[in-house]
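Spelled out, the chains give:
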Amino acid sequence: MKEGWKELPIGAIIKEAGSSIKFETGDWRTRKPVLNKEKCINCLFCWVFCPDSSIIVENGEMKGFLYSHCKGCGICAEECPVKAIEMVKEEV
Amino acid sequence: MPFDLKELSKEKDLFAPGHRACAGCGPAIVMRQIMAVAGKDTVVGFATGCMEVVSTIFPYTAWRVPYIHVAFENAAAVISGVEAAYKALKRKGKINKKINFIAIAGDGGTYDIGIQALSGALERGHNFLYVCYDNQAYMNTGIQRSGATPLGAHTTTSPAGDVIPGKVQWRKDLTEIVAAHGIPYAAQASPSHWNDLMEKVKKALETEGPAFINVLAPCPVGWYFSPERTIKIAKLAVDTLFWPLYEVENGKHRITYKPRKPKPVEEWLKEQGRFRHLFQEKNRWIIEEFQRQVNERWERLLRLEEASL
Ligand code: SF4
Ligand code: SF4
């Protein structure tokens, strides 16, 4: 955000929808999810349970994680019915 | 027809990443599941609370639909105004498409502070859906008890210790209070049973007139559990009958999911640090009292369902 206060819209209006994506929360993570593609059955339970919209799905196929935003909660690994996601320690 | 996750996941998430909810936040999951069904032709009115605070930290917003936040107590009043304006524009022929109006608030903004605005909007009969994400305390200000906090729960304003064993009162049954307004649709849901939740959202949005859904939303911070357990804990609340999944459609009660073999409520309590003290010998009676109240409410619900047939 480069604008000074004079350029900001009045009344706390935010004009750009979904701008939070510019704020990366991935560095909150202490553990990170890793996908084992061989095991994955594309049930997408990880997608429906992710609090951070950080499961990447393309045409119904689970592709991996949005590491720039994933906070490492581990819900996807916990809920995956075939244990295709493993939580590993985050390397800094 | 069950919802197809392959289809739903093709659409862009209307609740964007980069919001500042804690890792494993139950309410954030609830937001995503609701919005996946509601779609982009939706206006959201919000009360103050965790989801408001984390999703709209200026100059960012996680919302990809029009969103309006005014105060803690008036999410229902604000969305009433928006809906009334829409009706006026429609009458004048200035707008034509169908738009969903959804007010969202936590338990603080619904059970306590916003109940008057909610009751008024229900009585006036606006065409809207009100969703309460019930995380059972004022989490964003530091875990203070609310009218939704269950018996025996430790919060910072009902601290478990020598003086009191956590909260000494039972919680309000808000879903029944709302249903008593005689609105066309009221329901209770949980993100663990996502298809059930989505069906309820769909039904509620198709309903002409006011609709209400109370969604259990586990909070790892205020309930004291490890963040990967959020969905497991939501599911246990359903399986122990603490949080029955049901709907009240035009005055008729229907339980939408009946656990085949209900678990003792202890199994839900023992997963959460806020109930840890209840397992001391001197507090055991609270667990028994808790179970008794859960049983009583479940039996009442069964009777209501039977009377609806
Ligand atoms: S929950 Fe597991 S099996 Fe299902 S899509 Fe995700 S990684 Fe694949
Ligand atoms: S305190 Fe609880 S409800 Fe609030 S953002 Fe954090 S996890 Fe979510």
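Further up the page is the structure itself.
In this text, all values refer to a predicted model and were calculated from it rather than measured experimentally. (Residues numbered from 1 in each chain as written. Chains lettered and ligands numbered in written order. Predicted model: local features only at pLDDT ≥ 70, side-chain atom pairs only at ≥ 80, totals over all residues. Heavy atoms only, no water.)

1. Quick look at the packing of aromatic side chains
Two measures describe an aromatic ring pair: the distance that separates the ring centres and the angle between the ring planes. Residues and elements named next belong to chain B. Counted under the stated rule, the structure contains 18 aromatic pairs over all chains. Considering the side-chain rings of phenylalanine 15 and tryptophan 63, the 5.0 Å spacing of their centres and the 65° angle between planes classify their relative orientation as edge-to-face. Taken together, the positions of phenylalanine 15 in the loop between helix H1 (5-8) and helix H2 (26-38) and tryptophan 63 in the loop between helix H3 (50-55) and strand E2 (67-69) put the pair 48 residues apart, joining distant regions of the chain. This pair shows no difference in class: phenylalanine 15 is buried, exactly as tryptophan 63 is. Three or more aromatic residues link up through ring pairs in this structure, and these residues are Trp170, Trp223, Phe225, Phe242, Trp243, Trp268, Phe275 and Phe290. One cation-aromatic arrangement involves arginine 274 over tryptophan 223; the distance from NZ or CZ to the ring centre is 4.0 Å. (Phe/Tyr/Trp six-rings, centres within 6.5 Å; stacked < 30°, edge-to-face > 60°. Helix = DSSP H or I, 4+ residues; strand = E, 2+ residues; numbered from the N terminus. Buried < 20%, exposed > 50% of the residue type's maximum accessible area, 1.4 Å probe, protein only. Lys NZ or Arg CZ within 6 Å of the ring centre and 35° of its normal.)

2. Some remarks on the packing of helix H4 (residues 75-91) of chain B against helix H6 (residues 115-124) of chain B
All names here are of chain B. In contact at an axis separation of 7 Å, H4 and H6 are set at 35° when each is read in the N-to-C sense. Here H4 contributes Ala76, Ala77 and Ser80 to the contact with H6, which in turn contributes Ala117, Leu118, Ala121 and Arg124. Partitioning the contact of H4 with H6 into residue classes produces five nonpolar, one polar and one charged. (Axes fitted to C-alpha atoms, helices over the stretch in contact; angles between N-to-C directions. Contact = heavy atoms within 4.5 Å. Nonpolar A, V, L, I, M, F, W, Y, C, P; charged D, E, K, R; others polar.)

3. Side note on the site of ligand 2
Close to ligand 2 lie Ala21(B), Cys22(B), Cys25(B), Pro27(B), Cys50(B), Asn135(B), Met139(B), Cys219(B), Pro220(B) and Val221(B), which account for all nearby residues. Among the residues forming the shell around ligand 2, the class breakdown is nine nonpolar, one polar and no charged. (Near = heavy atom within 4 Å.)

4. Section: unusual backbone geometry
For residues besides glycine, phi is generally negative; the peptide bonds are generally trans as well. Residues and elements named next belong to chain B. Note that the residue after phenylalanine 58, namely proline 59, is joined by a cis bond; omega there is 5°. Mapping proline 59 onto the fold places it in the loop between H3 and E2. With phi around 60°, isoleucine 143 is a residue other than glycine that occupies positive phi space. One can find isoleucine 143 in the loop between strand E4 (129-134) and helix H7 (174-179). Take isoleucine 143: its relative accessible area is 10%, and that puts it in the buried class. The phi torsion at tyrosine 224 lies on the positive side, around 60°, for a residue other than glycine. Of note, tyrosine 224 is situated in the loop between helix H9 (220-223) and helix H10 (230-239).

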